[in-house]
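One letter stands for each residue in the lines below.
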Amino acid sequence: MEWLTAPFEVTFVQRALWGGILVSAICAPAGTWVVLRGMAFLGDAMSHGLLPGVALAALLGGNPLVGAVASAAVMTAGVTALGRTPRLSQDTGIGLLFVGMLSLGVIIVSRSQSFAVDLTGFLFGDVLAVREQDLLLLGAALLVALAVSVLGHRAFLALAFDPRKAHTLGLRPPLAHAVLLGLLGMAIVASFHIVGTLLVLGLLIAPPAAALPWARGVRGVMVLAALLGTVATFGGLLLSWHLGTAAGATVSALAVSLFFLSHVASGLRHRRARPAAVPAPAPVD
């Protein structure tokens with residue numbers, strides 16, 4: 001059993017584990033709505049759209065997290081505004097913002113000759129570098145995510161399944177959509193310095209998608225997604241320690257693997273539960 005517990009006797013691995021658990025809990029509510037509404041491309045665009053703010057903050061000697069928050073706010077406002085343009089599809093607007101923000105980020109990065117290491121950290125994260133203040137920040141973000149999820153649950157639910165009915169019930173779908181985008185942006189900002197923007201979708205989408213065939217109700221999906229994210233964090237850190245692989249990438253890869261295992265197991269369960277076909281009667285001469 002020493003191989004199972006030895007990595008977590010080290011302080012920085014313990015902090016990484018707690019950081020991953022908190023990130024999993026933050027991503028579970030936002031990721032559930034992303035999966036239910038088919039917004040994976042939006043999540044990807046928002047995660048990469050953080051680059052200009054992070055790059056500018058780093059070049060000016062500021063806090064990259066502040067820059068990430070600013071970029072997330074710009075992306076949220078942009079997606080909300082373009083979504084109200086009747087002649088422009090939402091995917092088109094998201095794609096244009098994605099390319100524009102990413103291009104601006106690369107331009108800012110190109111102005112620095114020593115930004116390669118910081119850019120690598122932005123893209124891939126460093127879960128083993130989580131500090132105590134990061135855990136406090138993640139804890140605060142989790143409280144906000146839970147509050148928004150509870151208060152906005154009814155509006156988010158109606159928006160996901162019947163936007164017209166949400167409007168009829170007076171739930172203000174445009175405002176609910178903007179708040180949901182803010183929740184998604186906060187989850188991405190809280191997660192990017194842990195697993196990086198290229199891997200954040202692993203914890204944002206894979207656990208809710210893996211939980212979907214097994215949970216009853218939206219809240220059940222969120223709870224199970226948080227548990228699966230925790231399993232992926234623990235297993236990823238354990239494998240990374242013994243195999244010498246990148247910790248953040250291993251966590252995300254394991255989360256995606258759990259998704260495929262979940263859907264394979266779900267398919268086998270439905271196949272076994274399917275009643276055997278009744279043989280056709282023999283033809284009568």
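Refer to the structure above for everything that follows.
A brief report on the enclosed structure follows.

### Re the overall build of the chain
For the chain, the count of helices and strands is 14 helices and zero strands. Taken from N to C terminus, the helices and strands of the chain fall in the order α-α-α-α-α-α-α-α-α-α-α-α-α-α. By its C-alpha atoms, the chain is 90 × 60 × 35 Å across when sized along the principal axes. Across the 285 residues in the chain, those meeting the buried criterion constitute 44%. A sequence separation of at least 24 residues applies to 75% of the contacts in the chain between residues at least 6 apart. Taken as a whole, the chain presents about 15,000 Å² of accessible surface, with 68% of it coming from carbon and sulfur. Here the chain contributes 16 positively and 10 negatively charged side chains, and the mean placements of these two sets differ by 16 Å.

### What to know about the packing of aromatic side chains
Under the counting rule described, the total for this entry stands at four aromatic pairs. An angle of 70° between the planes, with centres 5.8 Å apart, marks the rings of Trp-33 and Phe-156 as edge-to-face. One end of the pair, Trp-33, is in helix α2 (residues 11-37); the other, Phe-156, is in helix α9 (residues 153-161), with 123 residues separating them in the sequence. Of the two residues, Trp-33 and Phe-156, both sit in the buried class. Look at Phe-41 and Phe-98: their rings are 6.2 Å apart centre to centre, the planes differ by 70°, and that puts the pair in the edge-to-face class.

### Remarks on the pattern of salt bridges
Within the structure shown, the criterion is met by one salt bridge. As a salt-bridge pair, Asp-134 and Arg-131 come within 3.3 Å of each other at their nearest N and O atoms. By relative accessible area, which is 8% here, Asp-134 ends up buried.

### Observations regarding the side chain of Ser-240
Along the chain, Ser-240 turns up in helix α13 (residues 218-243). Exposure remark for Ser-240: the relative accessible area of 8% places this residue in the buried category. Within the local environment of Ser-240, its side chain forms a polar contact with the backbone oxygen of Thr-245, the two atoms lying 2.6 Å apart. If we skip the residues at most four places from it in the chain, Ser-240 touches Thr-245, Ala-246, Ala-247 and Thr-250.

### As for the nonpolar core
Soluble globular proteins: nonpolar side chains tend toward being buried together. Of all hydrophobic cores here, the largest spans 65 residues; its most connected members are Leu-42, Leu-50 and Leu-204. Per element, the largest residue contribution to this core is 12 residues, and it comes from helix α11 (residues 173-195).

### A few points about the layout of surface pockets
In this model, the second largest pocket occupies a volume close to 340 Å³. Among the residues forming the lining of the second largest pocket, the class breakdown is nine nonpolar, five polar and three charged.

### Concerning the packing of helix α12 (residues 200-211) against α13
In the contact formed by α12 and α13, the axes pass within 8 Å of each other and the chain directions differ by 120°. Compared by their axis directions, α12 and α13 come out oblique. Once α12 is placed against α13, the crossing between them reads as right-handed. In this structure, α12 contributes Leu-203, Pro-207, Pro-208, Ala-210 and Ala-211 to the contact, and α13 contributes Val-221, Leu-224, Ala-225, Leu-228 and Gly-229. Residue composition of the contact of α12 with α13, grouped by class: nine nonpolar, one polar and no charged.

### Quick word on helix α6 (residues 90-110)
Each turn of an α-helix holds 3.6 residues, which means side chains three or four residues apart point in the same direction. Spanning 21 residues, α6 covers 30 Å between terminal C-alpha atoms, matching the ideal 30 Å at 1.5 Å per step. Regarding α6, the residues found buried are Gly-93, Ile-94, Gly-95, Leu-97, Phe-98, Met-101, Gly-105, Ile-108 and Val-109.

### Digging into the packing of α2 against helix α8 (residues 132-151)
α8 packs onto α2 with a crossing angle of 20° between their chain directions and a minimal axis gap of 9 Å. By the angle class used here, α2 and α8 are roughly parallel. Where α2 crosses over α8, the handedness of that crossing is left-handed. Judged by residue contacts, Arg-15, Trp-18, Gly-19, Leu-22, Val-23, Ala-25, Ile-26 and Pro-29 of α2 engage Glu-132, Leu-135, Leu-138, Gly-139, Ala-141, Leu-142 and Ser-149 from α8. In the contact of α2 with α8, the residues fall into 10 nonpolar, three polar and two charged.

Rules used in this analysis
- Residues numbered from 1 in each chain as written.
- Predicted model: local features only at pLDDT ≥ 70, side-chain atom pairs only at ≥ 80, totals over all residues.
- Heavy atoms only, no water.
- Helix = DSSP H or I, 4+ residues; strand = E, 2+ residues; numbered from the N terminus.
- Buried < 20%, exposed > 50% of the residue type's maximum accessible area, 1.4 Å probe, protein only.
- Contact = heavy atoms within 4.5 Å.
- Areas by Shrake-Rupley, 256 points an atom, 1.4 Å probe, with all protein chains shown as cover.
- Lys, Arg positive; Asp, Glu negative; His and termini not counted.
- Charge placed at Lys NZ, Arg CZ, Asp CG, Glu CD.
- Phe/Tyr/Trp six-rings, centres within 6.5 Å; stacked < 30°, edge-to-face > 60°.
- Salt bridge = Lys/Arg side-chain N within 4 Å of Asp/Glu carboxyl O.
- Polar contact = N/O pair within 3.5 Å; in protein donor to acceptor, adjacent residues only side chain to side chain.
- Core = buried A, V, L, I, M, F, W, Y, C linked by side-chain atoms within 4.5 Å.
- 1 Å grid on protein atoms, 1.4 Å probe; cavity = no way out; pocket = protein on both sides within 12 Å on 5 of 7 lines; lining within 4 Å.
- Points joined across faces, edges and corners; volume = space filled by probe spheres on them.
- Nonpolar A, V, L, I, M, F, W, Y, C, P; charged D, E, K, R; others polar.
- Axes fitted to C-alpha atoms, helices over the stretch in contact; angles between N-to-C directions.
- Parallel < 35°, antiparallel > 145°, perpendicular 65-115°, else oblique.
- Left-handed = near helix turned anticlockwise from the far one by under 90°.
- Expected span 1.5 Å × (residues − 1).

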